[in-house]
Amino acid sequence: MAKKTQKETDIIFYIHRFNPDVDSKPYTQKYTIRVEPGMTVLDGLHLIKETQDATLSYRFSCRMGVCGSCGMLLNGRPSLACNTQILDITMKNLTVAPLPNFNIVKDLVPELTPLFEKHISIHPYVIQNKTDEMLDPTGEFYQSPEELTKYLQFSYCIKCGLCMAACPTLATDSEYLGPQPMLQSYRYSIDTRDDGFDKRKKVVGNTHGVFRCHYAGECSNVCPKGVDPARAIQLMKRELVLDYLKIKKHRSTSFIMGKPEGVKRRPEIPKAPPFTVEQK
Ligand code: SF4
Ligand code: FES
């Protein structure tokens, strides 16, 4: 290696390697790279791949903490590789491993299909019972800033799966829904435009749902977007109990067919396009 400048540091990466086509079990491979301030772990992996080992596999896309593709375990903590500067977490050694609680596709690439399947299972979208109104609107779905605030922070989730990797319950029960889908179930159920609670409660209220959470809080601890899944899960438990005791009825409340005072109705309300598939 060339002579170091004052700002550069040699860092040893211990990277978890596993190719299911040829390896019977995972092993660790050591690489040393010269790191300068500002380099992210993703930059370091690119440097290794370009200069030392083209066979190294990892996943990334946006490089700016938005797409959620580059989640991995950095010195034991679930983190985004593109959002983590190397010298912020080590001055010497860095262990890099794939996210736990997922199968490994290859090296640092986790199989995220279970996350997305569980996410889909909780119906992660606003469900409206008034289909006539959806097809031919006569009003708008008004929502106050206070109503928006109730779910806003939960909508910042980028589906990176770091919370799922950090969850101790998921580590012992692979059928457990996990923090990301459960927080999404709360995000949509608390939305005043939504009528889907009854559908979601069958999934999040079952034996692998929210009541299995024992509030370790690690999911919220590792979330790179400041989302608080642990809080959403406790709030969802509350919604389920209130529903069970028939204290609270879940349905959209702020669907207003007219206009709130002081708001001018638009002269023409555009019609929704027809469904592209036949409705049952
Ligand atoms: S809640 Fe946070 S850690 Fe979990 S998937 Fe969403 S963004 Fe990632
Ligand atoms: S590459 Fe998109 S979040 Fe890291």
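In what follows, the structure referred to is the one given above.
Residues numbered from 1 in each chain as written. Chains lettered and ligands numbered in written order. Predicted model: local features only at pLDDT ≥ 70, side-chain atom pairs only at ≥ 80, totals over all residues. Heavy atoms only, no water.

*Asks:* Can you tell me about the overall build of the protein chain, naming the residues and giving the values?
*Replies:* Regarding its fold elements, the protein chain presents 11 helices and 9 strands. The 280 residues of the protein chain split such that 45% are buried. Taking the intrachain contacts of the protein chain between residues at least 6 apart in sequence as the baseline, contacts between residues at least 24 apart amount to 67%. Here the protein chain has roughly 15700 Å² of accessible surface; of this, 53% comes from carbon and sulfur atoms. (Helix = DSSP H or I, 4+ residues; strand = E, 2+ residues; numbered from the N terminus. Buried < 20%, exposed > 50% of the residue type's maximum accessible area, 1.4 Å probe, protein only. Contact = heavy atoms within 4.5 Å. Areas by Shrake-Rupley, 256 points an atom, 1.4 Å probe, with all protein chains shown as cover.)

*Asks:* For the packing of aromatic side chains, give the residues involved together with the corresponding values.
*Replies:* With the rule as written, the count across this model stands at 2 aromatic pairs. When the ring centre of Y188 is taken as reference, the NZ or CZ atom of R187 above it lies at 4.0 Å. (Phe/Tyr/Trp six-rings, centres within 6.5 Å; stacked < 30°, edge-to-face > 60°. Lys NZ or Arg CZ within 6 Å of the ring centre and 35° of its normal.)

*Asks:* Talk me through the site of ligand 1; I want residue IDs and the actual numbers.
*Replies:* Among the 13 residues in the neighbourhood of ligand 1, the closest are listed as C157, I158, C160, C163 and C223. For the shell around ligand 1, the secondary structure elements donating two or more residues are α6 (162-166) and α8 (179-189). Classifying every residue of the shell around ligand 1 by side-chain character gives 9 nonpolar, 2 polar and 2 charged. (Near = heavy atom within 4 Å. Nonpolar A, V, L, I, M, F, W, Y, C, P; charged D, E, K, R; others polar.)

*Asks:* I'd like to hear about the packing of helix α3 (residues 113-121) against α8, residue by residue, with values.
*Replies:* Contact pair α3 / α8: the axes reach a minimum separation of 9 Å and the direction vectors enclose 20°. Relative to α8, the element α3 is oriented roughly parallel. Where α3 crosses over α8, the handedness of that crossing is right-handed. In this structure, α3 uses L115, K118 and H119 to contact α8, whose residues at the interface are Q180, P181 and Q184. Across the contact of α3 with α8, the residue classes break down as 2 nonpolar, 3 polar and 1 charged. (Axes fitted to C-alpha atoms, helices over the stretch in contact; angles between N-to-C directions. Parallel < 35°, antiparallel > 145°, perpendicular 65-115°, else oblique. Left-handed = near helix turned anticlockwise from the far one by under 90°.)

*Asks:* Outline a nonpolar patch on the surface, supporting the account with residue identities and numerical values.
*Replies:* A surface patch of nonpolar side chains, about 570 Å² in accessible area, is lined by F211, V241, Y244, L245 and I247. Among the structural elements, I247 can be located in the loop between α11 (229-244) and β9 (255-256). (Patch = residues over 30% accessible without salt bridge, like charges linked within 9 Å, V, L, I, M, F, W, Y side chains within 5 Å. Salt bridge = Lys/Arg side-chain N within 4 Å of Asp/Glu carboxyl O.)

*Asks:* Describe the sheet that holds strand β3 (residues 71-74), with residues and values.
*Replies:* On the basis of which strands lie adjacent, the open sheet formed by 5 strands has the order β2-β1-β5-β3-β4 and mixed pairing. One side of each edge strand has no neighbouring strand; the edge strands of this open sheet are β2 (27-35) and β4 (77-80). Averaged over all adjacent pairs, the angle separating strand axes in this sheet is 35°, with direction ignored. Across the sheet, helix α1 (residues 41-51) lies against β1 (9-17), β2, β3 and β5 (93-97), angled at about 80° from β1, the strand it touches most. (Pairing = 2+ DSSP bridges.)

*Asks:* An account of the pairing of β5 is requested, with residue identities and associated values reported.
*Replies:* Looking down a regular strand, the side chains alternate between one sheet face and the other. Bridge count for β1 against β5 is 4 bridges, and the pairing is parallel. Paired with I12 across the two strands is N93, which belongs to β5. Pairing between β3 and β5: 2 bridges, direction antiparallel. Bridge assignment links L74 to a residue of β5, and that residue is V96.

*Asks:* Break down the nonpolar core for me, citing the residues and quoting the values.
*Replies:* With 59 residues, the main nonpolar core has F13, I15, V41, L45, M72 and V96 as its most contacted residues. In terms of domain composition, this core takes at least three residues from each of domain 1 (9-110) and domain 2 (113-256). Residues in contact with V96, not counting those within four places in the same chain, are F13, Y14, I15, H16, M72, L73, L74 and L108. (Core = buried A, V, L, I, M, F, W, Y, C linked by side-chain atoms within 4.5 Å. Domains from an automatic or database assignment.)

*Asks:* So what's going on with α1? Residues and values would help.
*Replies:* Within α1, the full set of buried residues consists of V41, L42, G44, L45, H46 and I48. Lining the buried residues of α1 we find β1, β2, β3, α2 (86-89) and β5.

*Asks:* Account for unusual backbone geometry, with residues named and values stated.
*Replies:* Its identity as a non-glycine residue notwithstanding, N101 has a phi of 70°, on the positive side. A positive phi angle is found at Y215, which is not glycine, with a value near 60°. Following the sequence through the fold, Y215 ends up in the loop between α9 (197-204) and α10 (218-222).

*Asks:* Break down the environment of P114 for me, with residues and values.
*Replies:* Within the secondary structure, P114 is located in helix α3. Judged by relative accessible area, which is 36%, P114 ranks as partly exposed. Linking P114 and N101, residues 13 residues apart in sequence, is a C-alpha distance of 10.0 Å.

*Asks:* Go over α11, please, and point to the residues and values.
*Replies:* The first and last C-alpha atoms of α11 sit 22 Å apart over 16 residues, in line with the 22 Å expected at 1.5 Å per residue. For α11, every residue scored as buried is listed here: P229, A230, A232, I233, M236, K237, E239, L240, L242 and D243. In this structure, the buried side of α11 is in contact with α6, α8, α9 and α10. Of the residues trailing α11, K246 is marked for its positive phi of about 60°. (Expected span 1.5 Å × (residues − 1).)

*Asks:* Talk me through the state of the cysteines; I want residue IDs and the actual numbers.
*Replies:* Under the defined criterion, the tally for this structure stands at 0 disulfides. Cysteine C167 is unpaired, with the sulfur of C219 as its nearest cysteine sulfur at 6.7 Å. Take C167: its relative accessible area is 9%, and that puts it in the buried class. With no disulfide of its own, C213 lies 6.6 Å from the sulfur of C219, the closest cysteine sulfur. Given the relative accessible area of 12%, C213 is considered buried. (Disulfide = S-S within 2.5 Å.)

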